[in-house]
There are 2 protein chains.
Amino acid sequence: MPKVGQEPIRKAALVSATIHEIGKARSLDVTVGQIARTAGMSTALAHYYFDSKSALFIAAMRHVLGEFGRTVRLGLRRASGPDERLRAIVEASLGSDQFEEHVVAAWLVFYVEAQRAPEAARLLRIYTHRLHSNLVHELLQLTGRARAREIAQGAAAMIDGLYIRHALGNDTWGGQNAVRFVTDYLEVMLAAGDAVRRRAE
Amino acid sequence: MPKVGQEPIRKAALVSATIHEIGKARSLDVTVGQIARTAGMSTALAHYYFDSKSALFIAAMRHVLGEFGRTVRLGLRRASGPDERLRAIVEASLGSDQFEEHVVAAWLVFYVEAQRAPEAARLLRIYTHRLHSNLVHELLQLTGRARAREIAQGAAAMIDGLYIRHALGNDTWGGQNAVRFVTDYLEVMLAAGDAVRRRAE
DNA sequence: TTTTTTTTATTGATCAGTCAATCAGCAAAA
DNA sequence: TTTTGCTGATTGACTGATCAATAAAAAAAA
């Protein structure tokens, strides 16, 4: 049975199983044994491919973040013009892909882990910065730099907030409307910026 | 040494130690032993006053939520007029009290716990509903019911998002500006509502 | 008032269970 | 025969919870 070239297959299976199990347990409190069993192998083999449990978690987090990045890039490639592109970013962040149950749980859990594990914090910072600079890049076509940065911060915070409220089931809206909340915010803030600018002139 | 009437003192010490230890560990992964030692007693005594570890966590969460509720009520009592009162709500949510290191960590950890423990979920829902209805109550003086609800949802999401970004150190602004982000949002959304209404007339 | 009983407060020791990690060793390719 | 893939068994450390035992205060009884 032992074939060569199993490493990438096994690692992928373990990463996928990790996300799945975290989603099921809704917590990082998942044993390597559970993960390994779900991935169809022994505990020892899981440790053969990943030195430690936390290394496995980091790999899982990197995978979720990678998936997200790919979704954003795909959305951006399809959109044209700043408005459409802003919408694409928001949709990638609050789209149905990201709202899959186990992905949601993984994100929440990673948020907590980012408080302790430096590597997890680093990964999350990359996500934050990318979201911010993506938003600013488009907003710069529509307003000044200072205002673009401010609106991007507000929108990013709103995205995170809507995400968490959905994750905890504390939302009355469906996932659909979440996008509208942010796009409304962007639209209104940009219009208000115009008003301010006009008033100043 | 054993005196009567220790129960409230011991329980308060345990709750306080729990919040402190969660803040230090930045995780729910804290042993009863650690908490008990910090509270100046044995593990067995901690179990004497709280049946289980999770009962202790729930008590700690109830305490944090209670403190928050008190802060909101105090702020509301001091404010007059819907604008001031809205500001008071936001300030209570994003004020320096709530940004104390261990309180922040406790909130984040409770968010995750709310995914599994029904009682934790219930407590968090109370917080969510209270924040929402507080906001709606004031907004109703300034706009229609449907719009009030929508703006309240957006503002609440933004508050949570700003909170988490601060908790993770992913904020470039200081805690101060966080309040301004939300009040700006409220102001602009209300103004836009007026514009829409005027346009419709 | 003194004595006895009950209640409250407290702990060290320990149980029963869990878990991450290791290791020695086997099987099949290369 | 060396490398890669794989596992059962085991280790060592930890943890929540329980319990028997003890001390002091309060209440009841004498």
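That block above? That's the structure.
Residues numbered from 1 in each chain as written. Chains lettered and ligands numbered in written order. Predicted model: local features only at pLDDT ≥ 70, side-chain atom pairs only at ≥ 80, totals over all residues. Heavy atoms only, no water.

Caption draft 1: Structural view of the interface of chain A and chain B. Facing the 39 residues of chain A at the interface are 39 residues of chain B. It is A:Gln115, A:Gln153 and A:Arg165 that lose the most area in chain A upon contact with chain B, and together they represent 20% of the buried surface on that side. Connecting chain A to chain B are four salt bridges. Of the charged contacts in the structure, one is a salt bridge between A:Arg165 and B:Asp160, with a shortest N-O distance of 2.8 Å. In this assembly, chain A and chain B are joined by six residue pairs in polar contact (both at pLDDT 80 or more). For the side of chain A that touches chain B, a count of residues per class yields 22 nonpolar, eight polar and nine charged. (Contact = heavy atoms within 4.5 Å. Buried area = accessible area lost by both parts, 1.4 Å probe. Salt bridge = Lys/Arg side-chain N within 4 Å of Asp/Glu carboxyl O. Polar contact = N/O pair within 3.5 Å; in protein donor to acceptor, adjacent residues only side chain to side chain. Nonpolar A, V, L, I, M, F, W, Y, C, P; charged D, E, K, R; others polar.)

Caption draft 2: The arrangement of a positive patch on the surface in detail. All names here are of chain A. Judged by side-chain charge, Arg73, Arg77, Arg78 and Arg130 come together as a positively charged surface patch. If you trace the backbone, Arg77 turns up in helix H4 (residues 53–78). Of the residues examined, Arg77 reaches a relative accessible area of 63% and is grouped as exposed. (Patch = residues over 30% accessible without salt bridge, like charges linked within 9 Å, V, L, I, M, F, W, Y side chains within 5 Å. Areas by Shrake-Rupley, 256 points an atom, 1.4 Å probe, with all protein chains shown as cover. Lys, Arg positive; Asp, Glu negative; His and termini not counted. Charge placed at Lys NZ, Arg CZ, Asp CG, Glu CD. Helix = DSSP H or I, 4+ residues; strand = E, 2+ residues; numbered from the N terminus. Buried < 20%, exposed > 50% of the residue type's maximum accessible area, 1.4 Å probe, protein only.)

Caption draft 3: The packing of helix H1 (residues 7–25) of chain B against helix H4 (residues 53–78) of chain B, seen in detail. All names here are of chain B. Relative to each other, H1 and H4 sit at 90 degrees, their axes nearing to 9 Å. Regarding the angle of H1 to H4, the classification is roughly perpendicular. When H1 is examined against H4, the residues Leu14, Val15, Thr18, Ile19 and Ile22 are found in contact with a partner set consisting of Leu56, Phe57, Ala59, Ala60, His63 and Val64. Class assignment for the residues of the contact of H1 with H4 results in nine nonpolar, two polar and no charged. (Axes fitted to C-alpha atoms, helices over the stretch in contact; angles between N-to-C directions. Parallel < 35°, antiparallel > 145°, perpendicular 65-115°, else oblique.)

Caption draft 4: The protein's contact with DNA strand D, seen in detail. Around DNA strand D sit 19 residues, and of these A:Arg10, A:Ala44, B:Thr31, B:His47 and B:Lys53 come closest. Here the atoms of DNA strand D within 4 Å of the protein split so that 78% fall in sugar or phosphate, with bases taking the remainder. At 2.7 Å from a phosphate oxygen of DNA strand D is found a side-chain nitrogen or oxygen belonging to A:Arg10. The backbone of B:Val32 places a nitrogen or oxygen atom 3.2 Å from a phosphate oxygen of DNA strand D. Mapped by element, the contributors of at least two residues to the surface near DNA strand D are helix H1 (7–25) and helix H3 (43–49) of chain A together with helix H3 (43–49) of chain B. Among the residues making up the surface near DNA strand D, the classes are represented as nine nonpolar, six polar and four charged. (Near = heavy atom within 4 Å.)

Caption draft 5: The packing of aromatic side chains, seen in detail. Tallying each qualifying case throughout the model produces 15 aromatic pairs over all chains. For the ring pair A:Tyr185 and B:Tyr185, a centre distance of 5.6 Å and an interplane angle of 45 degrees mean the geometry is tilted. A residue pair is termed interchain when its members come from two chains, as with A:Tyr185 in helix H9 (residues 175–200) and B:Tyr185 in helix H9 (residues 175–200). As far as the burial class goes, A:Tyr185 and B:Tyr185 line up, both buried. (Phe/Tyr/Trp six-rings, centres within 6.5 Å; stacked < 30°, edge-to-face > 60°.)

Caption draft 6: Seen up close, the relation of the copies chain A and chain B. Screw-axis analysis of chain A against chain B gives a translation of 0.0 Å along the axis, an RMSD of 0.1 Å, and a rotation angle of 180 degrees. Put plainly, the chains are arranged around a two-fold axis. Most of the interface of chain A is mirrored in chain B, where 100% of its interface residues again form contacts. (Least-squares fit on C-alpha atoms with pLDDT ≥ 70 in both.)

Caption draft 7: Molecular detail of the environment of B:His63. Residues and elements named next belong to chain B. On the secondary structure map, His63 appears in helix H4. Relative accessible area serves as the criterion here: at 39%, His63 is assigned to the partly exposed category. Between the C-alpha atom of His63 and that of Glu119, which follows or precedes it by 56 residues, the distance is 14 Å. Filtering out sequence-adjacent residues up to four positions away, His63 remains in contact with Val15 and Ile19.

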